[in-house]
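The chain contents come next:
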Amino acid sequence: MSEDDLTATGPIVIVGAGPGIGASVARRFGRAGHAVGLVARNGDRLEQMAAGLRADVGVDVTTAVADATQPDQVRAAVRAVSERIGEPRVLCFSPIPDIDLIRPVLRTTPEELMASLQLTVGGAAAAVESVLPGMQAQGAGSLLFTTGSAALAPHPDRAASAVTTTAATVYVALLREALSDTPIRVGHTVIVGPIGRGESGAHDPDEIAADLWAHHRGDARDFPSVLRLEG
Ligand SMILES: NC(=O)c1ccc[n+]([C@@H]2O[C@H](COP(=O)([O-])OP(=O)(O)OC[C@H]3O[C@@H](n4cnc5c(N)ncnc54)[C@H](OP(=O)(O)O)[C@@H]3O)[C@@H](O)[C@H]2O)c1
């Protein structure tokens, strides 16, 4: 196997791994030979996902429990994954935000805004901090992010998602700029509309995984990619 192939198939860690994007990304990268680390809060659900992936794709998969709002938990989870399957060459950061925090701006508390930022921006920064030194040492890596689309048209009825998604968009763009002269890729997929498997009017998570795969391979035409539903 060439050095390029080795680089392309290093482990992926998915922070905020669930049945939608998380499972699809695990399958897409797993099929291509990447070992997979799944990180989220519910250990039983992670183990069920891992068993499904091993059975369906035959992928080498491990799990670690962490609340992504807690940087120390993210660091420990990435460390645990690295010890079992190797230092991640790919990060997918895609936890689903808490919809209870999404309220009109005049009824949104500072605590709600901070909680929202703590997951989507703080969690992303903790995950990046945990994987980036290993990627830099190996001279290869992809940092992949998903968000909803609230930053495209911020609405006063959805304050937490507007503020947080805008902040996350800026954070990811800054990362991309800072790493532009390095071999490390930064991908951001913006999803306009709901996600659902086999549901009309919803994005199939496999298509979102394909877009993240394109960012990883350097094939995505736009940064960020904006995925809109037809019609
Ligand atoms: N679902 C939609 O309709 C939709 C629409 C537009 C955009 N998006 C974007 O798509 C991404 C999510 O994809 P998905 O909906 O398909 O999700 P998913 O991969 O099915 O699941 C995401 C997982 O995130 C985990 N999570 C939530 N809070 C967490 C925390 N504090 N720490 C660690 N893990 C946490 C949850 O697992 P635990 O409960 O076990 O922690 C959940 O299962 C997000 O970027 C979201 O903004 C989703």
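In this text the structure is predicted, and so the values were computed from the model without any measurement.

Asker: Just give me the short version of the packing of helix α4 (residues 71-85) against helix α5 (residues 110-138), but keep the residues and values in it.
Answerer: In contact at an axis separation of 9 Å, α4 and α5 are set at 35 degrees when each is read in the N-to-C sense. In the crossing of α4 with α5, the sense of the turn from one axis to the other is right-handed. Note on element contacts: α5 touches α4 through A126, A127, E129, S130 and V131, opposite P71, V74, R75 and V78. For the contact of α4 with α5, the per-class residue count stands at 6 nonpolar, 1 polar and 2 charged.

Asker: How would you summarise empty space enclosed by the protein if you had to cite specific residues and measurements?
Answerer: Gaps left between atoms are located by rolling a probe of water-molecule size over the structure's atoms. Using the criterion set out here, one finds 1 cavity of 30 Å³ or more in the structure. Quantified by volume, the largest cavity comes out at close to 40 Å³. Lining the largest cavity are F93, T120, A124, F145, T146, T147, A168 and V172. For the lining of the largest cavity, the secondary structure elements donating two or more residues are α5, β5 (141-147) and α6 (159-178). Element by element, the count of residues in the lining of the largest cavity is highest for β5, at 3 residues. The residue makeup of the lining of the largest cavity, split by class, is 5 nonpolar, 3 polar and no charged.

The rules we used
Residues numbered from 1 in each chain as written. Predicted model: local features only at pLDDT ≥ 70, side-chain atom pairs only at ≥ 80, totals over all residues. Heavy atoms only, no water. Axes fitted to C-alpha atoms, helices over the stretch in contact; angles between N-to-C directions. Helix = DSSP H or I, 4+ residues; strand = E, 2+ residues; numbered from the N terminus. Left-handed = near helix turned anticlockwise from the far one by under 90°. Contact = heavy atoms within 4.5 Å. Nonpolar A, V, L, I, M, F, W, Y, C, P; charged D, E, K, R; others polar. 1 Å grid on protein atoms, 1.4 Å probe; cavity = no way out; pocket = protein on both sides within 12 Å on 5 of 7 lines; lining within 4 Å. Points joined across faces, edges and corners; volume = space filled by probe spheres on them.

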